[in-house]
Amino acid sequence: MLKATAKARAHTNIALVKYWGKENQELIIPMNNSFSLTLDHFYTDTLVSFDESLTADEFILNGQVTQDQKLVNFMNLVRQKANLASFARIESVNHVPTSAGLASSASAYAALAKAASVAAGLDLTNRQLSCLARRGSGSACRSIYGGFVEWLKGQDDESSYAIPFMEQVDWDLQMIAVVVNNQAKKIGSRHGMQVVVETSPYYPAWVETTKKDIAAVKQAIIAKDIDQLGQIAEENAMKMHALNLSASPHFSYFEPDSLRVMELVAKLRTQGISCYYTLDAGPNIKIICLKEDTSKITHALEEIVSKDQLFIASPGPGVSLLDY
Ligand code: PMV
């Protein structure tokens, strides 16, 4: 039965071991497993209403009517799965602070997958929901779950999904997002990772090391060892960015302030503060640390950036339905 309207919330996640390259571009099957932490403060709320009187899908993102072929393709996939002809009105609000410059595609497609599938009358398991979210944006498949999550690469549409590693994180971890530039990224992740797969001579080594990195990250979480967790995550991010530098044409997401923040984090470590950085497809830095150290770190960061460029988050929950 078509339950024509549903609303869902999903949170962003940050990869500690990255996804950077696809084996299958249409189905978004990655080259390697990846591992992430879902965050509490940054999320997307999405309301989907199928309406037989509409002649096309309507997208309202943060109060503005938007056209987006990727979203249309995603809704076509939902319609195909539900054997449905109606178009839908989709209203989505990103609670990623507008100036945060953090990727919101993970929370956006996880929330849309949940709301659209429920509104279309599909009763998906979390595994099926993760597969569906993946078709919108790879990293979105991990935002179905809270806490620490692994995306199993699989080999086809049904076998590539995320599973929770630890949904309730009983560890006072935090992530400080340092926004050095809130403009749209120069090179989108889809294009950047494809250039890397096709041209970086180091790509096979990357795929190999991600396996070791995921095993080490899991051990670090079980042992609550912030230094091991942070070191693996930081080195994994640097390996991903080294792929970009070794691609043809080569490219980089780093900006001068990214490097300044990275240097400061390394300096804080020499002073005995356990803090480590990671960067995704953009210049902004996310610092992993223990809650007890967050204020010392943000204080030090204020030498480089202003207070309003800093956003603090803790481990967060998986996708959920909301009242509307
Ligand atoms: O899911 P996409 O297409 O936005 O790609 C995400 C890629 C990274 O954020 C750089 C890494 C990751 O695993 O999230």
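Residues numbered from 1 in each chain as written. Predicted model: local features only at pLDDT ≥ 70, side-chain atom pairs only at ≥ 80, totals over all residues. Heavy atoms only, no water.

Points about the site of the ligand
Within the structure, the ligand sits among 14 residues, and Tyr19, Ser137, Ser139, Arg142 and Ser189 are positioned closest to it. With respect to the ligand, the backbone of Gly138 contributes an N or O atom lying 3.4 Å from an oxygen atom. Between an oxygen atom of the ligand and a side-chain N or O atom of Asp280, the distance comes to 3.4 Å. Here the ligand has 380 Å² of accessible area as a free molecule, and 92% of this is covered by the chains. Here the residues of the shell around the ligand are counted per class, giving six nonpolar, five polar and three charged. (Near = heavy atom within 4 Å. Polar contact = N/O pair within 3.5 Å; in protein donor to acceptor, adjacent residues only side chain to side chain. Areas by Shrake-Rupley, 256 points an atom, 1.4 Å probe, with all protein chains shown as cover. Nonpolar A, V, L, I, M, F, W, Y, C, P; charged D, E, K, R; others polar.)

What about the packing of helix α7 (residues 256-270) against helix α8 (residues 291-301)?
Direction vectors running N to C along α7 and α8 enclose 135 degrees, while the axes themselves pass 11 Å from each other. By the criterion of interaxial angle, the relationship of α7 to α8 is oblique. For the pair α7 and α8, the crossing hand works out as right-handed. Across the interface between the two elements, Val261, Leu264 and Leu268 of α7 pack against Ile297, Ala300 and Leu301 of α8. Of the residues that constitute the contact of α7 with α8, the class distribution is six nonpolar, no polar and no charged. (Axes fitted to C-alpha atoms, helices over the stretch in contact; angles between N-to-C directions. Helix = DSSP H or I, 4+ residues; strand = E, 2+ residues; numbered from the N terminus. Parallel < 35°, antiparallel > 145°, perpendicular 65-115°, else oblique. Left-handed = near helix turned anticlockwise from the far one by under 90°. Contact = heavy atoms within 4.5 Å.)

With respect to the state of the cysteines
Counting across every chain of the model gives zero disulfides. With no disulfide of its own, Cys141 lies 8.0 Å from the sulfur of Cys131, the closest cysteine sulfur. Exposure remark for Cys141: the relative accessible area of 0% places this residue in the buried category. This cysteine, Cys275, is not joined by any disulfide, and Cys289 carries the nearest cysteine sulfur, 7.0 Å off. (Disulfide = S-S within 2.5 Å. Buried < 20%, exposed > 50% of the residue type's maximum accessible area, 1.4 Å probe, protein only.)

Considering the nonpolar core
The biggest cluster of nonpolar side chains holds 53 residues, and the ones touching the most others in it are Trp20, Val48, Phe50, Met75, Val78 and Leu112. Considering each element in turn, this core owes the most residues, nine residues, to helix α2 (residues 105-119). Look past the residues within four positions of Met75 in its chain and what remains in contact with it is Val48, Phe50, Asp57, Phe59, Ala88, Ile90, Leu112 and Ala116. (Core = buried A, V, L, I, M, F, W, Y, C linked by side-chain atoms within 4.5 Å.)

Some words on the pattern of salt bridges
Inspection of every chain in the model, using the stated rule, returns 17 salt bridges. As a salt-bridge pair, Asp213 and Lys239 come within 2.8 Å of each other at their nearest N and O atoms. With Asp213 in helix α5 (residues 203-222) and Lys239 in helix α6 (residues 226-245), the pair connects residues that are 26 residues apart, well separated along the chain. Owing to a relative accessible area of 5%, Asp213 belongs among the buried residues under this scheme. Take Lys239: its relative accessible area is 27%, and that puts it in the partly exposed class. The residue Asp257 makes a salt bridge to Arg260 at a minimum N-O spacing of 2.7 Å. With Asp257 and Arg260 both in helix α7, this residue pair falls three residues apart, about one helical turn. (Salt bridge = Lys/Arg side-chain N within 4 Å of Asp/Glu carboxyl O.)

Description of the sheet that holds strand β13 (residues 310-313)
On the basis of which strands lie adjacent, the open sheet formed by four strands has the order β11-β12-β10-β13 and antiparallel pairing. For this open sheet the edge positions go to β11 (275-279) and β13, each flanked by a neighbour on one side alone. Direction aside, neighbouring strands of the sheet carry axes that sit 25 degrees apart on average. Pairing of β11 with strand β12 (residues 285-290) involves five bridges; the strand directions are antiparallel. Paired with Leu279 across the strands is Ile285, a residue of β12. Contacting β10 (173-178), β11 and β12, α6 crosses the sheet at an angle of about 30 degrees to β11. α8 rests against β10, β11, β12 and β13 of the sheet, and its axis sits at about 140 degrees to β12. (Pairing = 2+ DSSP bridges.)

Re the environment of Arg260
Here Arg260 falls in the partly exposed class, since its relative accessible area comes to 46%. Here Asp257 takes part through its side chain, which lies 2.7 Å from a polar atom of the side chain of Arg260.

A short note on unusual backbone geometry
Following Ser248, the chain continues to Pro249 via a peptide bond in cis, the omega torsion being 0 degrees. Backbone geometry at Asn62 places phi at a positive 50 degrees, although glycine is not the residue there. Among the structural elements, Asn62 can be located in the loop between β5 (58-61) and β6 (64-66). Although it is not a glycine, Asn83 adopts a positive phi angle of roughly 55 degrees. A relative accessible area of 74% places Asn83 in the exposed class.

Details of the pairing of strand β4 (residues 34-51)
Among the 18 residues that make up β4, 15 are buried, leaving the element largely enclosed by the rest of the structure. Judged from the four bridges that link them, β4 and strand β8 (residues 148-152) form a sheet pairing that is antiparallel. Bridge assignment links Leu37 to a residue of β8, and that residue is Phe148. Two elements, β4 and strand β7 (residues 87-94), share eight bridges in a ladder whose sense is antiparallel. Pairing of Thr44 across the sheet is with Asn94, part of β7.

Note that all results are geometric; they support no functional claim without further evidence.
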